[in-house]
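Structural features, examined
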Amino acid sequence: MSKQENNSAMPAVLLALQQEEVIAYPTEAVFGLGCDPDSEKAVNALLALKQRPWQKGLILIAANYEQLKPYVNDAALSDAQRKAIFSVWPGPVTWVIPARPETPRWLTGSFDSLAVRVSDHPLVQQLCTQYGKPVVSTSANLSGQEPCRTIDEVRMQFGPLLPVLTGLVGGRLNPSEIRDALTGKQFRQG
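All of the points below concern the structure found in this document. Computed from a predicted structure; not experimentally measured.

What to know about the environment of Lys185
Relative to the helices and strands, Lys185 is located in the loop between strand E7 (177-180) and strand E8 (186-188). Considered as a pair, Lys185 and Gln51 are 134 residues apart in the sequence and their alpha carbons are 28 Å apart. In this view, Lys185 contacts Ile178, Arg179 and Asp180; residues no more than four positions away in its chain are not counted.

Describing the sheet that holds strand E3 (residues 59-62)
Pairing within the open sheet is mixed, and its eight strands lie in the order E1-E2-E6-E3-E5-E4-E7-E8. What marks the edges here is a single partner per strand, and that holds for strand E1 (23-26) and E8. Across the sheet, the mean angle from the axis of one strand to that of its neighbour is 40°, orientation sign disregarded. With respect to the sheet, helix H3 (residues 40-50) is in contact with strand E2 (31-34) and strand E6 (135-139), its orientation differing from that of E6 by roughly 5°. Strands in contact with helix H7 (residues 122-131) are E1, E3, strand E5 (113-118) and E6; relative to E1, the strand with the most contacts, it is inclined by about 135°.

Topic: the packing of aromatic side chains
The description of an aromatic ring pair uses the distance of the two centres, along with the angle that the planes make with each other. On inspection of all chains with the given rule, the structure shows two aromatic pairs. Plain terms: the ring middles of Tyr65 and Phe86 are 5.0 Å apart, the flat faces sit at 75° to each other, and that makes the pair edge-to-face. In this pair, Tyr65 sits in helix H4 (residues 65-68) while Phe86 sits in helix H5 (residues 79-86), placing the two residues 21 residues apart along the sequence. We classify Tyr65 as buried; its relative accessible area is 9%.

Here we look at the packing of helix H2 (residues 10-18) against H7
Where H2 meets H7, the closest approach of the two axes is 11 Å, and the angle between their N-to-C directions is 55°. In terms of their interaxial angle, H2 and H7 are classed as oblique. Here the hand of the crossing between H2 and H7 comes out right-handed. In this structure, H2 uses Met10, Val13, Leu14, Leu17 and Gln18 to contact H7, whose residues at the interface are Leu123, Gln126, Leu127, Gln130 and Tyr131. For the contact of H2 with H7, the per-class residue count stands at seven nonpolar, three polar and no charged.

Calculation criteria
Each chain has its residues counted from 1, following the order in which its sequence is written. Reporting in this predicted model follows two pLDDT cut-offs: at least 70 for local features of residues, and 80 or more for side-chain atom pairs to be given and counted; totals over whole chains, interfaces and linings ignore these cut-offs and use all residues. To obtain the side-chain values, all non-hydrogen atoms of the structure were used and water was disregarded. Comment: elements are numbered from the N terminus, with helices defined as DSSP H or I runs of at least four residues and strands as E runs of at least two. By the convention used here, residues are in contact when the closest approach between their heavy atoms is within 4.5 Å. Whether two strands pair depends on DSSP finding at least two bridges between them. Note on geometry: axes are C-alpha line fits, over the in-contact stretch for helices, and angles between N-to-C directions span 0 to 180 degrees. Any two rings among Phe, Tyr and Trp, with Trp reduced to its six-membered ring, count as a pair given centres within 6.5 Å; such a pair is stacked if its planes are under 30 degrees apart, edge-to-face if over 60, and tilted if neither. For the exposure calls, accessible area comes from a 1.4 Å probe over protein chains only, and a residue counts as buried if that area is under 20% of its type's maximum, exposed if over 50%, partly exposed in between. Here is the rule for angles: anything less than 35 degrees is roughly parallel, anything more than 145 is roughly antiparallel, 65 through 115 is roughly perpendicular, and the remaining ranges are oblique. Handedness of each helix crossing follows the sense of rotation of the near helix against the far helix: counterclockwise by less than a right angle gives left-handed, clockwise gives right-handed. Only Asp, Glu, Lys and Arg are considered charged in this grouping, and only Ala, Val, Leu, Ile, Met, Phe, Trp, Tyr, Cys and Pro are considered nonpolar; every other residue, Gly among them, is considered polar.

Shape is all these values report; function is a separate question.
Right under this line is the structure:
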């Protein structure tokens, strides 16, 4: 793990985020594509690279719940709903929570909610902590291709110029489970 704790690619990846560029980074199961969630330019570049329609909305991944509060309507959650969320965070469960009215449409897509996750992957934790906020998270793959699980696969699909946070994905086989925070309904099995 020492390689992951002292990541030589971190400064370049943080700079790329600040410059509104798209990055790739390891998550619990696959590599993710990410960018600054507050930059419409960066999100549009990510959507174009991924060939993903904006209407689907995106996931934000964070080091802790506090980083997500500017984007989600925490007041819409009951204590029991919050307890259910925190019982599996940090971890590989993404929750769909009502979005704040000011949360940009480029994140929520055609929904009034936002999918969010507090990751337990050490590099995601480090990335979001050092960047000071969450990053967009969508699987690193072109439309119709398998999600990338190695840096070599990221390079084959996206070329050598995409900034990549070096490291290994976690041991999970499937992308994160997605659940509705208000109802508990499962949208995608993990």
